[in-house]
Amino acid sequence: MTPEKLGRWNNLLSIALKDNVVTNKHTAERAISSNQKPFTAGYLINLQLGEVLMSTVDSQDSWILEARDLDGDLLQDARLKNDSLILNYKSDKNIKVRIILQAKLETESTTDFKIYTLPQYDFPGGRKR
């Protein structure tokens with residue numbers, strides 16, 4: 001990546017890290033990115049102990065999906081599964097998480113984006129789901 005592109009990328013990431021869009025436990029929207037206006041956004045969600053934070057993006061090749069703490073430190077990257085990006089984050093405490101959705105530079109793309117939480121169950125024998 002050229003220094004110019006890296007600077008542009010970091011500028012877009014800093015915008016997403018400052019976003020204070022508080023979302024509820026179930027959010028879905030469509031994100032559109034273009035060369036002239038790359039999509040970047042940050043979504044805040046309160047994750048409670050015993051919950052699993054899930055987020056999905058349908059068009060994996062043009063997008064980056066991450067969970068970060070409020071200081072901007074990376075908690076987890078999304079993983080590729082069945083042509084989608086899947087973020088599956090579990091915490092051992094109550095925490096405010098910022099989900100970052102960012103389009104790769106110089107791409108034209110539209111994606112369906114979802115954030116939701118699920119209960120984390122403990123089963124006999126210590127097995128978790």
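Refer to the structure above for everything that follows.
A. Spotlight on the environment of T107. By the secondary structure assignment, T107 is in the loop between β9 (95–103) and β10 (109–119). Of the residues examined, T107 reaches a relative accessible area of 17% and is grouped as buried. Non-local contacts of T107, meaning those with residues more than four positions away in its chain, are made with S33, S34, N35 and S62. A polar contact of 2.7 Å, which involves the side chain of T107, links it to the backbone oxygen of K104.

B. Inspection of the sheet that holds β9 at higher detail. Read from one edge of the open sheet, five strands run β1-β3-β9-β5-β6, paired in mixed fashion. Strand pairing shows two members of the sheet lacking a second neighbour, β1 (21–22) and β6 (74–77), which therefore form its edges. Of the pairings in the sheet, the one linking strand β3 (residues 40–47) to β9 comprises eight bridges and is antiparallel in character. The residue of β9 that forms the bridge with T40 is Q102. Contacting β3, β5 (63–68) and β9, helix α1 (residues 3–18) crosses the sheet at an angle of about 145° to β9.

C. How the structure looks around the packing of aromatic side chains. Tallying each qualifying case throughout the model produces two aromatic pairs. Aromatic side chains F39 and W63 sit 5.8 Å apart centroid to centroid with 65° between the ring planes, which places their arrangement in the edge-to-face category. On the criterion of sequence distance, the pair formed by F39 in the loop between β2 (26–33) and β3 and W63 in strand β5 is long-range, its members being 24 residues apart. Grouping residues by exposure puts F39 and W63 together as buried. Seen from their ring centres, Y43 and F113 are 5.0 Å apart, and the 45° between their planes marks the pair as tilted. Of this pair, Y43 sits in strand β3 while F113 is found in strand β10, placing the two residues 70 residues apart along the sequence.

D. Representation of the pattern of salt bridges. Applying the stated rule across the entire model yields two salt bridges. In this structure, R68 and E66 form a salt bridge, with 2.8 Å as the shortest nitrogen-oxygen distance. The class for E66 is buried, based on a relative accessible area of 11%.

E. Expanded view of the environment of V97. Among the secondary structure elements, V97 is positioned in strand β9. V97 sits in the buried class, given a relative accessible area of 0%. Between the C-alpha atoms of V97 and T110, which are 13 residues apart in sequence, the distance is 24 Å. Apart from the residues within four sequence positions on either side, V97 is in contact with Y43, L44, I45, L47, L53, A67, R68, L75 and Y89.

Basis of the calculations
Residues numbered from 1 in each chain as written. Predicted model: local features only at pLDDT ≥ 70, side-chain atom pairs only at ≥ 80, totals over all residues. Heavy atoms only, no water. Helix = DSSP H or I, 4+ residues; strand = E, 2+ residues; numbered from the N terminus. Buried < 20%, exposed > 50% of the residue type's maximum accessible area, 1.4 Å probe, protein only. Contact = heavy atoms within 4.5 Å. Polar contact = N/O pair within 3.5 Å; in protein donor to acceptor, adjacent residues only side chain to side chain. Pairing = 2+ DSSP bridges. Axes fitted to C-alpha atoms, helices over the stretch in contact; angles between N-to-C directions. Phe/Tyr/Trp six-rings, centres within 6.5 Å; stacked < 30°, edge-to-face > 60°. Salt bridge = Lys/Arg side-chain N within 4 Å of Asp/Glu carboxyl O.

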